[in-house]
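Inside the fold
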Amino acid sequence: MGTSTYALCSDTLPTASSSSFQNEDDVVIVHACSTNTTFISDVGNKAAAFPLQLLGFDVDVINSVQFSNHTGYGSWEGEVLQGDMLLKLVDGMDENGLKDETGHILTGYIGSESFLRAVVTIVRKMKAVNPQVRYVCDPVLGDIGKFYVPEQLVKIYKDEVLPLADVLTPNQFEVEQLTGVRIENINDAQRACGILHDLGVPLVLITSIIFPTNAQQSQDSMGVFASERFMLQNVSCGIETESYEDEQRILYVPKMPGQFTGTGDISAALWLALTADSTSSLAQKLEQLAGTMNAIVERTYQASLEKLQKQGISSLEEPKDEATRKRIVRSREMQLIQSASDILNPPLRFQATKISER
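Right, let's walk through the structure included here. Note that this is a predicted model, so its numbers are computed, not measured.

This next bit is on the overall build of the protein. If you tally the helices and strands in the protein, you get 10 helices and 14 strands. Burial analysis of the protein (358 residues in total) assigns 55% to the buried set. The contacts of the protein with a sequence gap of at least 6 include a subset with a gap of at least 24, amounting to 74%. Accessible surface, the protein: about 16,300 Å² in total, of which carbon and sulfur atoms supply 48%.

Have a look at this one:
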């Protein structure tokens, strides 16, 4: 979970050897999350904006919440932007031509029905002006069996948001809520993605999957699953018909001990940038995403161990008091700035496997 923001971005591109994001459009980020512009937390808007800026996207941000820190600390102070104010801010940007060249929209954590519907209004308006605008939706609902938002948002996502989305980046729990499919194996993941495609989403990235039993997945790893639907035009006897073909890939990455806040925000931003590049394959995009994310989380984990060791705290033990728990949370702030080279030049550590049709 990260920052509630709405942002405009234009792309001037980096010269990194493995980065070829030839995208001159602006990007709008509506990242409504539990932490917007924070003073110490690399989550939400901070987590999403930095990788995009580093990769050449010029990001202008509107915060939908502004908190002192992310909610993983257990307490925070700040303000929440309401849906009507978001609409006013966007209208102001529109009056000054600040979103005329928008090419991408990214949304994250949205905690209320009014704000989610405001986002739907914005996306519809932008797509009406420019049908080529890509909407990347991170449908933050919860994780590990727990909702972060009111459960009634699920229906709004299914009925109103998903038909507008070009790209979806849910975790396993969120996919299960949006499709009603409990994911226990690869076939379940394929079926769930098929439902999301049928609802109108061409590209789905499941950012983390843990199968109860799977010979290819060790207990210390998790799957990252991508599914893309291609629409095909067929002509037979002068009659034109439409069919589709799904390409699906999976890879497995090691799990790091502990909980790291902001990984979903970073993944969504990186996936937006990677999928804006039409020159690489789905497998290459997935491998680059996994390599960068693994490097960031691994660096964060090692930095956390060093910080806690200096304080005489073991991260492997259950915190004995609230102060210790907060020190552990603080030690796990994402090492984004320190990972700039891995964002620009993704290390290729994993190989994506093609999944055959069901």
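We are not done yet, so read on.
Before going further, it helps to examine helix α8 (residues 282-310). Look at α8: 42 Å from first C-alpha to last across 29 residues, which is about the 42 Å you get at 1.5 Å a residue. Glycine 312 lies just past α8 and shows a positive phi near 70°.

With that out of the way, let us pick up the packing of aromatic side chains. In total, this model carries 1 aromatic pair according to the counting rule given. When the ring of phenylalanine 147 is compared with that of phenylalanine 173, the centres are 5.1 Å apart and the planes differ by 75°; the resulting orientation is edge-to-face. Placement of the pair is phenylalanine 147 in strand β9 (residues 146-147) and phenylalanine 173 in helix α5 (residues 172-179), with a sequence separation of 26 residues. By relative accessible area, which is 8% here, phenylalanine 173 ends up buried. Taking the ring centre of tyrosine 244 as reference, the NZ or CZ of arginine 229 above it sits at 3.6 Å. Here the guanidinium or amino end of arginine 332 rests over the ring plane of phenylalanine 260, the centre of that ring lying 5.8 Å away.

Contact pair α5 / helix α6 (residues 186-198): the axes reach a minimum separation of 10 Å and the direction vectors enclose 60°. It follows from the interaxial angle that α5 and α6 lie oblique. The way α5 lies across α6 gives a crossing that is left-handed. Residue-level contacts link Val175, Leu178 and Thr179 of α5 to Ala192, Ile195 and Leu196 of α6. Broken down by class, the residue content of the contact of α5 with α6 amounts to 5 nonpolar, 1 polar and no charged.

Contact pair α8 / helix α9 (residues 322-331): the axes reach a minimum separation of 8 Å and the direction vectors enclose 140°. Considering their axes alone, α8 and α9 lie oblique with respect to each other. Along the contact surface, α8 presents Thr300, Ser304, Lys307 and Leu308, while α9 presents Arg327, Ile328 and Ser331.

Under the defined criterion, the tally for this structure stands at 12 salt bridges. Between arginine 117 and glutamate 113 there is a salt bridge, and its shortest N-O distance comes to 2.6 Å. In this pair, arginine 117 and glutamate 113 are both assigned in helix α3 (residues 113-129), 4 residues apart and thus about one turn of the helix distant. With a relative accessible area of 33%, arginine 117 lands in the partly exposed category. Of the charged contacts, one joins arginine 349 and glutamate 298 as a salt bridge, the two residues approaching to 3.6 Å between their closest N and O atoms. Taken together, the positions of arginine 349 in the loop between α10 (340-344) and β14 (353-354) and glutamate 298 in helix α8 put the pair 51 residues apart, joining distant regions of the chain. Connected via shared salt-bridge partners are Glu113, Arg117 and Glu160.

With that settled, the discussion passes to the pairing of strand β11 (residues 203-209). Across the 7 residues that make up β11, a large majority, 7, are buried. Across 2 bridges, strand β10 (residues 167-168) lies against β11 in parallel orientation. Bridge pairing links valine 167 to leucine 203 in β11.

On to α3. Relative to the 24 Å expected for 17 residues at 1.5 Å per residue, α3 spans 25 Å between its end C-alpha atoms, a close match to the ideal helical length. What α3 keeps buried is the set Phe115, Leu116, Ala118, Val119, Val120, Ile122, Val123, Met126 and Lys127.

Once that is clear, we can look at the environment of valine 154. Following the sequence through the fold, valine 154 ends up in helix α4 (residues 153-161). Taking the C-alpha atoms as reference, valine 154 lies 9.8 Å from threonine 179; in sequence the two are 25 residues apart. If we ignore the near neighbours within four places in the chain, the residues touching valine 154 are Leu141, Phe147, Gln177 and Leu178.

Criteria and cut-off values
Residues numbered from 1 in each chain as written. Predicted model: local features only at pLDDT ≥ 70, side-chain atom pairs only at ≥ 80, totals over all residues. Heavy atoms only, no water. Helix = DSSP H or I, 4+ residues; strand = E, 2+ residues; numbered from the N terminus. Buried < 20%, exposed > 50% of the residue type's maximum accessible area, 1.4 Å probe, protein only. Contact = heavy atoms within 4.5 Å. Areas by Shrake-Rupley, 256 points an atom, 1.4 Å probe, with all protein chains shown as cover. Expected span 1.5 Å × (residues − 1). Phe/Tyr/Trp six-rings, centres within 6.5 Å; stacked < 30°, edge-to-face > 60°. Lys NZ or Arg CZ within 6 Å of the ring centre and 35° of its normal. Axes fitted to C-alpha atoms, helices over the stretch in contact; angles between N-to-C directions. Parallel < 35°, antiparallel > 145°, perpendicular 65-115°, else oblique. Left-handed = near helix turned anticlockwise from the far one by under 90°. Nonpolar A, V, L, I, M, F, W, Y, C, P; charged D, E, K, R; others polar. Salt bridge = Lys/Arg side-chain N within 4 Å of Asp/Glu carboxyl O. Pairing = 2+ DSSP bridges.

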